[in-house]
Amino acid sequence: MPYFTRVGDVPRKRFSQFRRPDGGLYATEVMGEEGFSSDMSLLFHKNAPTGIAAVTPLDHQPTPLLANRPLLPRLFHTSRLKTGGDAVLGRHTLVGNQDVTASYTVADTPSPLYRNAVGDELTYIHEGEATVETVFGTLTVGKGDYVIIPTSATHRWIPTGDTPLRLLTFETTGHIHPPKRYLTRYGQLTQEAPFFELDLRRPDQPLLIEEDDVDVLVKNRDGLTRYTMERHPFDVVGWFGCNYPFAFNIDDFSPITGSFHRPPPVHQTFEAPNVVFCNFVPRMLDYDPRAVPIPSYHSNVDSDEFLFYAEGNFFSRGGSGIERGSISLHPAGHIHGPQPGAVEKALERIGQRTSDYAVMLDTFRPLHIAENAFDIEDPRYITSWSTRT
């Protein structure tokens, strides 16, 4: 995270004695990245966070991923997924590789307490409302929010709205941060960045729950384990640091536009090892009268492109079968772009505004496809660019 935050009761000096009202010591937990040489936070627990009453290995096998062979562009419709389950165990894995996994969830029940010890998670809320309870405190989130949960932060999702939560979740094998070019050398977001610190919502008070023998699911690279903790992990009276969960709404992203086409990096929001996350929001189209105000046919020769169509009419992709909630996968080696006739129609829209919202993942290693993703695939997508009648 780019800036320091303090919440609740904390001592004057880090790693100093910090005593409870009864004179005993609070238990200090250091949650640090990259061998404690990067961002970290110090959390002050009422009880030692290490007390384990029982451990149970769970028979949870990762979803098999298949190579994209033959090499095809793919289109998936999340509207075809069944409702049910929670925001953690109810995930429908769609694609993934060694660096990231993308899944979609239609959740209607609270999740268990969960700790992902593999990497950070980024979730985009397509529909619904929720409370995300974390060891750092609570986030109230809803439609259009990105929620970033750092590695090993214990948390749970609780749906609160009248409709199920529809969530697009990216599980990385590293840490998610703003792009380096958005940050000063001291970590502040620059004036050129399309969002800034005041747009980021973080827990602002501790969440204290008194309970014994509490189950927490822990994911590592070898699977899932259930820890039964002697005390509830939500016993933190205060914390400070730069490593914590936060939310950011897509409407707080200020698009960067120009008289001619601006390349996709201007839409970037976050990055993690070997992956980047971008979003597309309503914005002014290219306004030079000579411009072609939609992307040209393009080959991102080093990346696979995964694009979630959240809202809008997606006018440049008309006739492709794309609808609200669809996901396209354009692998490296496949030339893609607007549908036939879209360029000519776009010339009539120079200087107008778009209405589309989309979330994009670009990976620098090929994305493989989960078996269950084929159940919601549109096999006609490969021919949607055809000009033959």
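Quick caveat: nothing in here was measured; it's all calculated off a predicted structure.

A. Structural detail: the overall build of the chain. Counting its secondary structure elements, the chain contains 1 helix and 25 strands. On C-alpha atoms alone, the chain measures out to a radius of gyration of 22 Å, which is about the 21 Å that the 2.2 N^0.38 rule sets for 389 residues. Seen through its C-alpha atoms, the chain measures out along the principal axes to roughly 80 × 45 × 40 Å. When the 389 residues of the chain are sorted by exposure, 53% land in the buried category. Expressed as a percentage of contacts within the chain between residues at least 6 apart in sequence, the contacts between residues at least 24 apart total 77%. Total accessible area computed for the chain in this model is approximately 18100 Å², and 50% of it derives from carbon and sulfur atoms. Side-chain charges in the chain split into 36 positive and 48 negative, and the spacing between the mean points of these groups amounts to 3 Å.

B. The nonpolar core, seen in detail. In terms of nonpolar packing, the biggest core is built from 72 residues, with Trp157, Phe170 and Phe270 touching the most fellow members. At 5 residues, strand β8 (residues 100-107) tops the list of elements feeding residues into this core. Membership of the second largest hydrophobic core comes to 11 residues, among which are Leu75, Tyr309, Met360 and Tyr381.

C. Up close: the side chain of Ser326. Here Ser326 shows up in strand β23 (residues 326-330). A relative accessible area of 0% means that Ser326 is categorised as buried. Among the polar contacts made by the side chain of Ser326, one reaches the side chain of His77 at a distance of 2.9 Å. When residues no more than four places from it in sequence are discounted, the contact partners of Ser326 are Leu75, Phe76, His77, Leu307, Phe308, Tyr309 and Gly321.

D. Geometry of the sheet that holds strand β7 (residues 92-96). If you walk across this open sheet you meet the 8 strands as β5-β25-β7-β8-β15-β10-β13-β19, and the pairing is antiparallel. The strands lining the two open edges of the sheet, one partner per strand, are β5 (65-66) and β19 (246-249). Here 4 bridges tie strand β10 (residues 121-127) to strand β13 (residues 145-149), and the two strands are oriented antiparallel to one another. Looking at the pairing, Thr123 lines up with Val147 of β13.

E. Spotlight on the side chain of Ser384. Here Ser384 lies in the segment after β25 (368-370). Under the relative-accessibility criterion, Ser384 is labelled buried at 13%. Excluding residues that lie within four positions of it along the chain, Ser384 makes contacts with Gly319, Ser320, Gln339 and Pro340.

F. The arrangement of the sheet that holds strand β20 (residues 268-272) in detail. With antiparallel pairing, 6 strands are arranged side by side in an open sheet as β6-β23-β22-β24-β21-β20. In this open sheet, the two strands that pair with only one neighbour each are β6 (74-77) and β20. Geometrically, the sheet is characterised by an average inter-axis angle of 15° between neighbouring strands, direction not taken into account. Relative to β23, strand β22 (residues 304-311) is paired through 4 bridges, and the arrangement is antiparallel. Looking at the pairing, Phe308 lines up with Ile327 of β23.

Conventions used here
- Residues numbered from 1 in each chain as written.
- Predicted model: local features only at pLDDT ≥ 70, side-chain atom pairs only at ≥ 80, totals over all residues.
- Heavy atoms only, no water.
- Helix = DSSP H or I, 4+ residues; strand = E, 2+ residues; numbered from the N terminus.
- Rg over C-alpha atoms; globule rule 2.2 N^0.38 Å.
- Buried < 20%, exposed > 50% of the residue type's maximum accessible area, 1.4 Å probe, protein only.
- Contact = heavy atoms within 4.5 Å.
- Areas by Shrake-Rupley, 256 points an atom, 1.4 Å probe, with all protein chains shown as cover.
- Lys, Arg positive; Asp, Glu negative; His and termini not counted.
- Charge placed at Lys NZ, Arg CZ, Asp CG, Glu CD.
- Core = buried A, V, L, I, M, F, W, Y, C linked by side-chain atoms within 4.5 Å.
- Polar contact = N/O pair within 3.5 Å; in protein donor to acceptor, adjacent residues only side chain to side chain.
- Pairing = 2+ DSSP bridges.
- Axes fitted to C-alpha atoms, helices over the stretch in contact; angles between N-to-C directions.

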